[in-house]
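Per-entry structural report
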Amino acid sequence: MSRISLKNLTKIYPGDVLAVNDFSLEIRDKEFIVLVGPSGCGKSTVLRMIAGLEEITSGELYIDDKLVNNVLPKDRDIAMVFQNYALYPHMTVYKNLAFALSLRKVPKNEIDNKVRETAKILEIENLLDRKPKALSGGQRQRVALGRAMVRDPKAFLLDEPLSNLDAKLRASTRTEITKLHNKLNTTFIYVTHDQTEAMTMADRIVVMKDGNIKQVGSPQELYAYPNNIFVAGFIGTPQINFIDVILIKNDSEYFVKIDDALFPISKERFIPNTLDNYIGKTLVLGIRAEDVLMVDDDVSRASLNSQVEVAENMGSEIYVYIDYQGNKITGKFTPDINIAMGDSINISFNSDKIHLFDKETELSLLERNAEPVKVNNH
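Residues numbered from 1 in each chain as written. Predicted model: local features only at pLDDT ≥ 70, side-chain atom pairs only at ≥ 80, totals over all residues. Heavy atoms only, no water.

Some words on the overall build of the chain
Using the following cut-off: Secondary structure is summarised from DSSP: a helix means a run of H or I of at least four residues, a strand means a run of E of at least two, and numbering begins at the N terminus for each. Summary of the burial criterion: residues with accessible area below 20% of their type's maximum are buried, those above 50% are exposed, and those between are partly exposed, where the area comes from a 1.4 Å probe applied to protein chains only. Each accessible area is a Shrake-Rupley result for a 1.4 Å probe, and residues are judged covered by the shown protein chains and nothing else.
The helix and strand inventory of the chain stands at eight helices and 20 strands. Relative to its full complement of 378 residues, the chain shows a buried share of 48%. When the accessible surface of the chain is summed, it comes to about 18500 Å², and 47% of that surface belongs to carbon and sulfur atoms.

Structure (structure tokens):
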């Protein structure tokens, strides 16, 4: 068991700098949880408080129901993998892996077995005699992971471990870490500012901003049911489109109005009886790139006559950057469309995928029927 419970954790640095504010989260045994958010949002501070490297200003931290606020880092049975690898440059890979076990006076034959077993899992057996300077970034990252693994910790804490790798290596190492989580069958808490890492690796994602939790949920839940404008804009590539609209009601039907165009919306998607409070008011419409539609002139559905600014052919799809009277809209289309910079096109939206947000509170008006999220263990 390695369940971790954070209750109202707050961290204030000297000068009354509030880094983490009233942070509460239950991390399940064997869960892969990712803390994500922009730089300075407090995610690494949360990780360091769990590790014991940062003092907790207020709140309580439990590991397997034991209060650990005042327990030393070495006694928390947690392993941390840092962004800069933190390897000992004068030691071989073997000695780097063995170091923590040597400090604990583990018998030499047991150390040897553990080091070689870990090296085999990470496929670094042929690197054991090398020193860190002779390794690539990806190899160093594996050694850093191995040094944490040999201790059989209750949980792994990973602080932006892929940020020093190039894009191709980042993608392959992401896969390796996910496979490693399955193999070790223990709790992983992972910090990143990269929402792609969060979406592809996590059982649940914690989205943070300014020291606060903005939403917790599975990747798909955050993508389909963002609580607010910040989460909607942070999760998803390309970024979701936002457009100011006026809410209109004709008889029992609801529409959003952009200039003279009326786009129907399905009231079943939204919190019951809420839409009537916004009739005639400005809301923020959110629409994902894949739900932007290109329509012909003779199609009767509402559309916006827009201009193509840039078309990026990605091979399997085309990203089209569109301007509608100063509104910048991104569409994602199949590669067989014939489109070029400067073209005039009519765009519409998939009415079943429209998001609406309160312009002042920035909260979503979507009804959430999501069931409790289960740990998928990939």
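Details of the sheet that holds strand β7 (residues 155-159)
Selection criterion: Two strands qualify as a pair provided DSSP detects at least 2 bridges between them. For helices, the fitted axis covers only the stretch in contact; all axes are lines through C-alpha atoms, and the angles between them, taken along N-to-C directions, range from 0 to 180 degrees.
An order of β6-β7-β8-β3-β9-β10 is seen for the six strands of this open sheet, with the pairing classed as mixed. Each edge of the open sheet carries a strand with a single partner, namely β6 (78-81) and β10 (212-217). Each neighbouring strand pair of the sheet contributes to a mean axis angle of 15°, computed without reference to strand direction. Bridging between β6 and β7 involves four bridges; their strand directions are parallel.

Details of helix α4 (residues 137-149)
Put simply, the rule is: Expected helix span is given by 1.5 Å per residue-to-residue step, counting one fewer step than there are residues. The contact rule is simple, with two residues in contact once any of their heavy atoms fall within 4.5 Å.
The end-to-end C-alpha distance of α4 is 18 Å, a good match for the 18 Å that 13 residues give at a rise of 1.5 Å each. Those residues of α4 hidden inside the fold are in contact with β6, α2 (93-103), α3 (108-121), β7 and α5 (167-184).

Some thoughts on the environment of V231
Within the element layout of this structure, V231 appears in helix α8 (residues 229-234). With a relative accessible area of 0%, V231 lands in the buried category. As for V231 and K209, which are separated by 22 residues in sequence, their C-alpha atoms are 9.4 Å apart. The residues contacting V231, other than those within four sequence positions of it, are V207, K214, Q215, L222 and P226.

Digging into the packing of α2 against α4
Filter applied, for reference: Put simply, angles under 35 degrees are roughly parallel, angles over 145 are roughly antiparallel, angles from 65 to 115 are roughly perpendicular, and the rest are oblique. Handedness of a crossing follows from how the near helix is turned relative to the far one, being left-handed for an anticlockwise turn of less than a right angle and right-handed for a clockwise one.
One can describe the packing of α2 onto α4 by two numbers: an axis separation of 8 Å at closest approach and a directional angle of 30°. If you check the angle between α2 and α4, you find them roughly parallel. Once α2 is placed against α4, the crossing between them reads as right-handed. Of α4, the residues touching α2 (which contributes V93, N96 and L97) are V143, G146 and R147.

Observations concerning the sheet that holds strand β4 (residues 58-63)
Read from one edge of the open sheet, four strands run β2-β1-β4-β5, paired in antiparallel fashion. The open sheet is flanked by β2 (17-27) and β5 (66-67), the only strands paired with a single partner. Note that β4 and β5 share two bridges and pair antiparallel. Along β5, the bridge assignment pairs Y62 with L67. The sheet strands contacting helix α1 (residues 43-51) are β1 (4-13), β2 and β4, and the helix crosses β1 at an angle near 115°.

Re the side chain of T118
Convention followed: What qualifies as a polar contact is a pair of N or O atoms within 3.5 Å, subject to a donor-acceptor requirement within protein and to the restriction that residues adjacent in sequence count only when both atoms come from side chains.
Along the chain, T118 falls in helix α3. One polar contact links the side chain of T118 to the main-chain carbonyl oxygen of K114, over a distance of 2.9 Å. For T118, the contacting residues outside a window of four places in its chain are G146, M149 and V150.

Here's the deal with the pairing of strand β8 (residues 187-192)
As a reminder, the rule being used: Crossovers are marked right-handed if the path from the first strand over the helix to the second runs clockwise, as seen with the strands pointing away from the viewer.
The buried fraction of β8 is high, at six of six residues. Burial along β8 is two-sided: the face carrying T187, I189 and V191 and the face carrying F188, Y190 and T192 are both buried. Relative to β8, strand β3 (residues 32-36) runs parallel, the two being bridged by five bridges. For I33, the partnering residue across the bridge sits in β8 and is I189. One ladder, built from five bridges, connects β7 with β8; its direction is parallel. Among the inter-strand pairings, A155 is bridged to a residue of β8, identified as T187. With α5 bridging β7 and the parallel β8, this β-α-β connection has right-handed handedness.

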